[in-house]
Structures are given as C-alpha cells and as structure tokens.
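Overview (structure and organization)
One-letter residues, chain by chain:
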Amino acid sequence: MDDFNRAGNAVHGARRIWVPLAVIGVLLALTAVEGLIPKALPAGEALPAGTVIEFGSDRDASAQVGEGWTLDRDASDLGSGLAFLQGDVSVQLTYIGFNAAKPSGTAEMWEGMDRVLDIERHSGTDVALGTPSEFDTKWIEGGLYGTLQIDTRIGTAFVLPAQDGTKAVEAKVLGPLHARAEVWDSAMSIIDSVAFDDEEQHA
C-alpha cells in the first residue's frame, strides 16, 4: 500500500537498537468475504529478520519480526494493523484506540473482540473463541489469551492493552494443525515483541 512507501522511519531495518515494541489483528471484512471471491496470492513483501514496524493511529505501537516473515500489504495498514505470513501461518495485529469511553478492563476488550468475530459467524464461518487466561510479556501486563478457531485454521487470540487503558492491540495467530513448531514459536516471538510508546518510555 502507498502508506508503506511513504512510511519513512515507521519501518526500521534489523540494525535498529532494540526498544520495546507493540502489536495485533484480522481485517474481518476481508476475511468474511474470502469464500466469495477467487483465491489469490497476497501482495507480499519479504521482511529481513529484526524488522520493526510502527503502526496505529499515532504510530505508537510496534512489532518486530524474525526470519522468514512476509508482510501482507493487501491486509495491512499502518494506521490500523498489520498482517504477517510465513507459509500457511498468519499473525494479524489490529490496533484499537478507545476514543470515547475506555473499557472497564481487559475482559471487556476480549468481549469486544468476540463481538467483532460475529461478522464471520454470521457469514457462515465456523468460529470458536476460548475462555481467556492472563497473559503478560516483557512489555505488556494484564493481557489475555485464549484458543481460537476460524474455519479449519486453529491458533490463539490475544488482547494486549496499553498501561493507560486508552488503546490495545488484538492479535490472532492462525494456521493448520500440521504447521511446523518453529513457525509457531516465531509467531509467538512477534506477539512477545508488542509494546506501546508509554511502555517504551518507561522500560
């Protein structure tokens, strides 16, 4: 997409000094109709290991990828979220900003993600989101994770909130049952790299 070509320092190479990062998501409208349109390979861009991409309405979230990941440009937008692919495993990061009332807690954010998944349920896709458990990373505290199934793809969903509760990243890692373990591990490394500017400043 053109915004990636104009992104400037929002996309960093592997030589960038490590700083805390941030994450999450699916472009559900695209997913909901994917069964209605011919399948086509996404417009992808191979990313060098260590690439950091800042995203979100104010570019205040970021994520770092390891070796072998491709950015799906058709399903990514620096303002709203990123989609990465490695073989048949996908990592989708969606930035959520709470401009009106902040949710009462991460559990409410999880319920909101489940309601958004209703778009796919109503289209006839088999969707199952598990009961969430607590999830922390080096940069995120008070997150949640749970099992996720969309059609024949299985994986894990995450809600990763910023410390001030005004924004969050929703993440989905999905793939087939037979996906290689090292790819799953690499996908989890992307999730673990999630951070926001406020966490970055206090690390």
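Remember, predicted model here, so these are calculated numbers, not experimental data. (Residues numbered from 1 in each chain as written. Predicted model: local features only at pLDDT ≥ 70, side-chain atom pairs only at ≥ 80, totals over all residues. Heavy atoms only, no water.)

Residues at a pLDDT of 70 or more form 76% of the protein, whose mean pLDDT is 81. The model gives residues 14–42 a pLDDT under 50, and that stretch makes 87 contacts with residues more than four places away or in other chains. (pLDDT = per-residue confidence, 0-100. Contact = heavy atoms within 4.5 Å.)

What follows concerns the nonpolar core. A general trend in soluble globular proteins is that nonpolar side chains are found buried together. Counting residues in hydrophobic clusters, the biggest one holds 32 residues, and the most contacted among them are Phe 55, Trp 69, Phe 84, Val 91, Leu 93, Ile 190 and Ile 191. Of all elements in the fold, only strand E3 (52–55), strand E4 (61–64), strand E6 (81–86), strand E7 (89–97), strand E11 (153–161), strand E12 (167–175), helix H4 (181–192) and strand E13 (195–196) reach the threshold of two or more residues within this core. Counting residues in each nonpolar core, the second largest holds 13 residues, with Val 127, Leu 129, Leu 148 and Ala 157 among its members. (Core = buried A, V, L, I, M, F, W, Y, C linked by side-chain atoms within 4.5 Å. Buried < 20%, exposed > 50% of the residue type's maximum accessible area, 1.4 Å probe, protein only. Helix = DSSP H or I, 4+ residues; strand = E, 2+ residues; numbered from the N terminus.)

With 5 of its 6 residues buried, E6 lies for the most part within the structure. By the bridge criterion, 2 bridges tie strand E5 (residues 70–72) to E6 in an arrangement that is antiparallel. From the neighbouring strand, Thr 70 faces E6, where its bridge partner is Leu 85. Bridge analysis of E6 against E7 gives 6 bridges, and the strand direction is antiparallel. Along E7, the bridge assignment pairs Phe 84 with Val 91. (Pairing = 2+ DSSP bridges.)

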